[in-house]
Amino acid sequence: HPKFGLSTFFITQNGAAKCGIRLGPTMKGLINASAETNGRENPLSVSMAFAVAAILRFLTPSSNTAFKQPENQNGIYTGWLDTLSDDDAGSSEDTVSYADGLRYNLREGWYEFRCSMKLISNGVQREMTLPEALSKFKEPRQPSAYHDIVKNYLLHPQGGNLQSLLDGADDDDALFKSTTLDVFASAVSVLYARMVSGDNMIQLLVEMLQGDHACTSGLETSCQFIAEVPLHVQDSVTPLHYSVSPIPTDSSLINRKVKAADIHSVVWSEVRGQEVIDLHTHLLPPSHGALCLWGIDEMLTYHYLVSEYFMTAPADITPEGFFAMNKNHQADLIWESLFIQRSPISEATRGVLTTLQALGLQSDVDNRDLDAIRKFYDGFREEGLKGVEKFVGEVYRIAGVRYALMTNIPFDSNEAQHWRPMKKEYPETFKSALRVDPLLAGDRKTVENALRASGYSTSLEDARKYLHDWCDTMKPEYLMASTPHDFSLPPSEGGGTLSGVTKKGVNESSLQSPFAFADLTGNDCNDCEATDNLPSIINETSDFLTEVLMPVCEERDLPLALKIGAHRSVNPALLSAGDGLVAFADTNSLARLCGRFPKVRFLATFLSRNNQQEACVLASKFRNLHIYGCWWFCNNPSIIKEITQMRVEMLGTAFTAQHSDARVVDQLIYKWSHSRAVIAKVLVTEYEKAIASGWRPTRKEIRRDVGRLLGGSFSEFMAKSLK
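Presented here is a report on the structure given in the accompanying data block. Residues take numbers from 1 onward in each chain, read along the sequence in its written order. In keeping with the predicted nature of the model, local features appear solely for residues at pLDDT of at least 70, side-chain atom pairs appear and are counted solely at 80 or more, and the whole-chain, interface and lining totals rest on all residues. The basis for every side-chain value is the complete set of heavy atoms in the structure, and neither hydrogens nor water enter the calculation.

1. Remarks on the packing of aromatic side chains
Note the cut-off: Under the pairing criterion, centres of Phe, Tyr and Trp rings, with the six-membered ring standing for Trp, must be within 6.5 Å; the plane angle then separates stacked pairs below 30 degrees from edge-to-face pairs above 60, leaving the rest tilted. For helices the rule is a DSSP run of H or I covering at least 4 residues; for strands it is a run of E covering at least 2, with both sets numbered from the N terminus onward. Relative accessibility under 20% of the residue-type maximum defines a buried residue, over 50% an exposed one, and the middle range a partly exposed one, all with a 1.4 Å probe and only protein chains included. The criterion for a charge sitting over a ring is simple: Lys NZ or Arg CZ within 6 Å of the ring centre, and within 35 degrees of the ring normal.
All chains considered together, the criterion is met by 28 aromatic pairs. Relative to tyrosine 98, the ring of phenylalanine 9 has its centre 5.4 Å away and its plane inclined at 45°; by these criteria the two rings are tilted. Note that phenylalanine 9 is positioned in the segment before α1 (15–37) and tyrosine 98 in strand β2 (residues 96–99), a separation of 89 residues in sequence. Side by side, phenylalanine 9 and tyrosine 98 carry an identical accessibility label, which is buried. Centroid distance phenylalanine 380 to phenylalanine 391: 5.2 Å. Interplanar angle 65°. Geometry classified as edge-to-face. Separated by eleven residues along the polypeptide, phenylalanine 380 in helix α15 (residues 370–381) and phenylalanine 391 in helix α16 (residues 384–399) bring together distant segments of the chain. Owing to a relative accessible area of 14%, phenylalanine 380 belongs among the buried residues under this scheme. Given a relative accessible area of 1%, phenylalanine 391 falls into the buried group. A connected cluster of aromatic rings, assembled from ring pairs, spans Phe9, Phe58, Tyr77, Tyr98, Tyr104, Tyr111 and Phe113. Directly above the ring of tryptophan 470 sits arginine 420, whose terminal nitrogen or CZ lies 3.7 Å from the centroid. The ring of tyrosine 403 carries lysine 431 above its face, with NZ or CZ at 4.9 Å from the centroid.

Shown next as structure tokens:
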């Protein structure tokens, strides 16, 4: 070596023990220090994981028979080198002896090494040496296949010599250190699997140095960000938070077949590493001011928690009195009732816990300190709009959301002012969807009042113009409406124009008025709920449907999204918390819409659990129908599991597994981490069945499938023009 004066191969002698001699003391020190401070991130870095993986790669015998020794004498094995350039190989073709009878040949790409370390299992030394264990696989495997060998090596006295970390530690300390080592072993396994699969080791270092893929902090990146999902997380109970996949699409490992024994780890890691398209939310961007809901008080006063609170609220707390309080006071009552006086084990209260934990507020939750949690959010509020944008960006990063579809209601004065007369800019992580319930319902009075107030005539032509103009303003991805459980085909009302009104053309100045529907129907949508109470029944013979809504969808090639089955105002006193009696919906109207308007694409989700099989059957019959998500009361883990499994069995990957329906930005964190865990568990079962029937998927194929279920199928459906 030109710097050290020793041959690079010379210093590889006693290679297995080098980890414990050179790296072990540093690893022990970092883990012990982190245990004392309860560090959130694994203290061992990707560079440390690379060093250990490189040692194991060196100690892996070649599967090439041309390189093998006739007999492994004195623990001598033959390894192989990554592809070398002519400059690296030098001009000599001679075999070189580098130490104690060990040789290498750069031109031919092989080297010899000695390793007699025998693995230890349950305290008993096995006959298999480390090199034999690493070479026992007939072909490169996925990272989980190597995990136990790596962990064994790290603890072994002739390897990493880290067993002393666990010896004598109390239960909590031992659990922390063992978990830390498990994650590190997983990270080492990922890098090792990539190395033996064919990824160039120098290129791996370049990835780390440049901060590519999961190594966002370069060589200092915590090893947890390149580890696969740990075994203790591989259930549907622990939230599965998004993390960039440590295996890039150009890795050789991506094209390797996945064996049944590895399917759990691969599927969970691929679901974790997939960004989602959230195709239906009620979120609005920070530029929309108070309409962008975020923070602990908004989470605690979410309508699920309000209705849960009133199940056990004191008799002297009436809905009227509760809603007269400010939001801070409402949140105090709910926190005290649902988190202090009771354990937060419902899905809605658990969601708050998951979100706070992901935001780094576990100690405040442990202390039941609501004021401290509020101070965390105040830190963002003090920065004004920039602070809100920073918080929203952080939530999107944690949740792994590529972009979310808003629910935009131009008929609400509070929202419309952000669109007209001047549209406010917002980031590409928000995309618009235009809500059109009155047109779908054939609600003549509401539509006519809106047209007049905005300077249009009450003709069908101007109704189309009105809708086109709002589409020009909002640039929606789709039009949408929420329909009740009892939507049906009512008797024809006849007519082809609105009642006896002369067309007037468009009043350009009135066009800028944003308040038409809101002012004339008495609806105010500050909580994005009020328009849910608009009449909403699909009138299949209405001129608004056949002459306005469907033609606009066809002309602009815009899908129509339907949320079917809600029963509104079950208990009006609870406002939005009083909505939502689940009732079986008749799917015939949806079937007729798909058949009658084959050039229009329809997106649909149903509220009733009992409608889900019918919805799958419809989706298999109409190419212009796409089923998505588990809406509202179906958005609970037990029901998500049931619905997702049925859909996979009936539709394959031709549906979108989930949407968050979030109204508060923070909710993206828990709604997606909870759903990811359930979806992963379902997919493991489905892939196991496919493997048992003779199909061996590659990791690339699994990544493709997961991508479809979490937004890719939606994108493909949106790109499929039927005009």
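Read on for the rest.
2. Structural notes on the sheet that holds strand β4 (residues 110–114)
Definition in use: At least two DSSP bridges between two strands are required for those strands to pair. Note on method: axes are straight lines fitted to C-alpha atoms, helices fitted across the in-contact stretch only, with angles between N-to-C directions ranging 0 to 180 degrees.
Across the sheet, four strands lie side by side as β1-β4-β3-β2; this open sheet has antiparallel pairing. At either margin of the open sheet sits one strand with a lone partner, and together these are β1 (76–80) and β2. Sheet twist, expressed as the average angle between the axes of neighbouring strands with direction ignored, equals 35°. Looking at chain direction, β2 and strand β3 (residues 102–105) are connected through three bridges and run antiparallel. The residue bridging valine 96 from the neighbouring strand is tyrosine 104, located in β3.

3. Digging into the sheet that holds strand β9 (residues 430–431)
Test applied: Contact criterion: two residues are considered in contact whenever any of their non-hydrogen atoms come within 4.5 Å of each other.
The three strands lie next to each other as β7-β8-β9, forming an open sheet whose pairing is parallel. Unpaired on one side and paired on the other, β7 (276–278) and β9 mark the two borders of the sheet. Relative to β9, strand β8 (residues 401–405) runs parallel, the two sharing two bridges. Across the sheet, the residue bridging to leucine 405 is lysine 431, located in β9. The sheet contacts of α16 involve β8 and β9, and relative to β8 the element is tilted by about 115°.

4. Digging into the environment of isoleucine 247
Here isoleucine 247 is to be found in the loop between α7 (201–210) and α8 (263–272). Between the C-alpha atoms of isoleucine 247 and glutamate 228, which are 19 residues apart in sequence, the distance is 9.5 Å. Ignoring anything within four residues of it in the chain, the contact list for isoleucine 247 reads Pro143, Val190, Glu228, Leu253, Ile254, Arg699 and Arg703.

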